[in-house]
Amino acid sequence: MNYIKFMALTILASISIFGFTSSKEIEINIIPKPISVKIDQGQFVIDQKTRIFYNFESNHTQNIASALNNHLKKFYSFEPLKGSFSKEAKKGSIFLKLDSALKMPKEGYRIEISNRGVTIEASAPNGLFYGVQTLIQMMPPDAKKLNKIKLQMAQIVDYPRFDWRGLHLDVCRHFMPKEFVLKYIDYMSMHKLNTFHFHLTEDQGWRIEIKKYPLLTEVGSKRDETLIGSGRSSNQYDGIPHSGFYTQEDIKEIVEYAAKRYVNVVPEIEMPGHALAALASYPHLGCTSGPYKVATRWGVFDDVMCAGKESTFEFIEDVLEEVLALFPSQYIHIGGDECPKKRWIECPLCQERIKQEGLKDEHELQSYFIQRAERFLNSKGRKLIGWDEILEGGLAPNAAVMSWRGVEGGIAAAKQSHYVVMTPGSHCYFDHYQADPQTQPLAIGGFTPLEKIYSYEPVPETLTQEEARFIMGAQGNVWTEYMKTTSHVEFMVYPRAAALSEVVWSAKGERDYNEFLKRLREQVKRYDVYGINYSKAAIDK
Ligand code: ACM
Ligand code: ZN
């Protein structure tokens, strides 16, 4: 290190030490890290008399004010603060200002805390909501009896790097109760994650009520028993039936709850593979017409939906029709991964389809299958997203790709001007081990510790700037073969989802793992208060 650099660092260090001790400033430890935080001198105190004003009455402003009030009531000793309309900020109050004329970045917000009070402003409701989430993280985490909250005076400017900030949950391998799904969404929104990928159908269980096909839940939501131990080596079963599904009323509640937290729910209905539960319910959907059983072990199964029968496509359109009525999401996930071609090779109807449609092989048949699903979704004004196998045999014209077997699928799709969500197994699979397997509950394998997720860069270097625009963001995937309980899910997801939140929200050049860990050590105090069962593997080091 040269002398000038050394002196500069010494001076910087002494300024920050001096600043800290002289003003007793309250540390600000926000996750994901905001774009800019400027600390001012002094503190502003919220107490029971503080009022919340909003610049116009709407469901959004009232909902966001309620989010703040609910928090103060639940975790501190507050009754809801009174709120009302005001065109301008009033001294000593919290002012929520929603104004599209502010022209702030999408989902962005600004906070100013001064001796005049707190102002949070945004061009759109989701930005205002994120401003409140940041404000909450500026409050002490563990103070149930507190009825006065000191806030550090500061100015914060913040907005996300990516549009798709996703977290997935497989509720098929193990069913997760609705109450947990709601909590899962709460924890996402606190980390400014905005896309919940709800994996609803599988070989081992169909978990969403479809009125036209009641057997999907009467038969398909139940399995006789479950494999004990590793899917690679075990042949032992627990003898305990496993079941569960969400009624359409449950789904509406989940979607509405998520919307109030600015989380979009993307449903996944798997086709043509990973569909044994559907085949067990309606055997005519398979090439051999069965009989089939809801799977009791993990893996990839040869029995898939028949691509030769018209009735398969009728089924898919009927199911999607009901799904579209429940989920307002632009994107609908149709799976598309891990579909063996064995049955299609042997099936006269599938072979006939290949011939009639002039397809080259079974890969093109898979592409034909996905393209029909896409045509249906597009005709209803929606968009299709699928796992990267949908590239094989040719990508459907408007499809988005979720790149999971690495980043190559995502790169290929972006180069063809298709939108992409990055979820490579190497960095984004939260079912992998996060510490030495000897010290951990059984997991599927892999090794994806916190630091590895934190280091993930969703835009591959090989893409040009133009191609990089097609990377919508990234997502953490949570497959639950080895997670029987909700607390085990939490243990696998947190704090890894916190690291991911910074990958998808914060500025690329600002990521510093050790500095993140410092903030995380404060954040987990909040997890303790909320009752999130997180892993301490990376924190205790
Ligand atoms: C996947 O993990 N099979 C998408
Ligand atoms: Zn067939």
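You'll find the structure just up there.
Okay, so let's go over this structure. Predicted model only: the values in this text are computed from it and were never measured.

Details of the pattern of salt bridges
Evaluation of the coordinates by the stated rule reveals 36 salt bridges. The partner of E310 in a salt bridge is R372, with the nearest N and O atoms 2.8 Å apart. Taken together, the positions of E310 in helix α8 (residues 310-326) and R372 in helix α11 (residues 362-379) put the pair 62 residues apart, joining distant regions of the chain. Note on E310: relative accessible area 40%, which makes it partly exposed. Between E515 and R519 there is a salt bridge whose closest N-O contact spans 2.8 Å. Here the residue E515 and the residue R519 both occupy positions in helix α18 (residues 513-530), the gap between them amounting to 4 residues, near one helical turn. A relative accessible area of 23% places E515 in the partly exposed class.

Examining the coordination of the zinc ion (ligand 2)
Within the protein, the zinc ion (ligand 2) binds to C287 (SG), C306 (SG), C347 (SG) and C350 (SG); these donor distances fall in the range 2.3 to 2.4 Å. Here the zinc ion (ligand 2) is ringed by 4 donor atoms whose angles at the metal span 107 to 114°, and the overall shape comes out tetrahedral. Coordination of the zinc ion (ligand 2) draws on donor residues from a single chain, spaced C-x18-C-x40-C-x2-C in sequence. Here C287 is found in the loop between α7 (276-281) and α8, whereas its partner C350 is found in helix α10 (residues 348-356), with 63 residues between them in sequence. Relative accessible area serves as the criterion here: at 16%, C287 is assigned to the buried category. In this structure C350 comes out as buried when scored by relative accessible area, which is 0%.

Some words on the packing of α10 against α11
Two elements in contact, α10 and α11, have axes separated by 10 Å at closest approach and are oriented at 85°. As summarised for this structure, α10 and α11 are arranged roughly perpendicular, according to the angle between their axes. The residues of α11 that touch α10, namely those facing C350, Q351, R353 and I354, are E362, L365, Y368 and R372. Its residues placed into classes, the contact of α10 with α11 shows 4 nonpolar, 1 polar and 3 charged.

Description of the pairing of strand β17 (residues 400-403)
Along any regular strand the residues' side chains alternate between the sheet's two faces. Because side chains alternate across β17, one face comprises the buried residues A400 and M402, and the other comprises V401 and S403, equally buried. Across 3 bridges, the pairing between strand β16 (residues 383-387) and β17 is parallel. The partner of W387 across the bridge, within β17, is M402. Of the strand pairs in this sheet, β17 and strand β18 (residues 420-422) are connected by 3 bridges, and their pairing is parallel. Across the sheet, residue M402 finds its bridge partner in β18, namely V421.

With respect to the packing of helix α4 (residues 178-190) against helix α6 (residues 248-259)
The geometry of α4 relative to α6 is characterised by a closest axis approach of 10 Å and an angle of 15° between their N-to-C directions. With respect to their mutual orientation, α4 and α6 come out roughly parallel. Crossing handedness for the pair α4 and α6: right-handed. Only D250, E253, I254, Y257 and A258 of α6 make contact with α4, whose side of the interface consists of K178, V181, L182, I185 and D186. Counted by class, the contact of α4 with α6 contains 6 nonpolar, no polar and 4 charged residues.

What counts, and where the lines are drawn
- Residues numbered from 1 in each chain as written.
- Chains lettered and ligands numbered in written order.
- Predicted model: local features only at pLDDT ≥ 70, side-chain atom pairs only at ≥ 80, totals over all residues.
- Heavy atoms only, no water.
- Salt bridge = Lys/Arg side-chain N within 4 Å of Asp/Glu carboxyl O.
- Helix = DSSP H or I, 4+ residues; strand = E, 2+ residues; numbered from the N terminus.
- Buried < 20%, exposed > 50% of the residue type's maximum accessible area, 1.4 Å probe, protein only.
- Donors = N, O, S within 2.8 Å, 3.2 Å for Na, K, Ca; no water.
- Tetrahedral: all angles 85-135°; square planar, octahedral: opposite > 155°, others 65-115°.
- Axes fitted to C-alpha atoms, helices over the stretch in contact; angles between N-to-C directions.
- Parallel < 35°, antiparallel > 145°, perpendicular 65-115°, else oblique.
- Contact = heavy atoms within 4.5 Å.
- Nonpolar A, V, L, I, M, F, W, Y, C, P; charged D, E, K, R; others polar.
- Pairing = 2+ DSSP bridges.
- Left-handed = near helix turned anticlockwise from the far one by under 90°.

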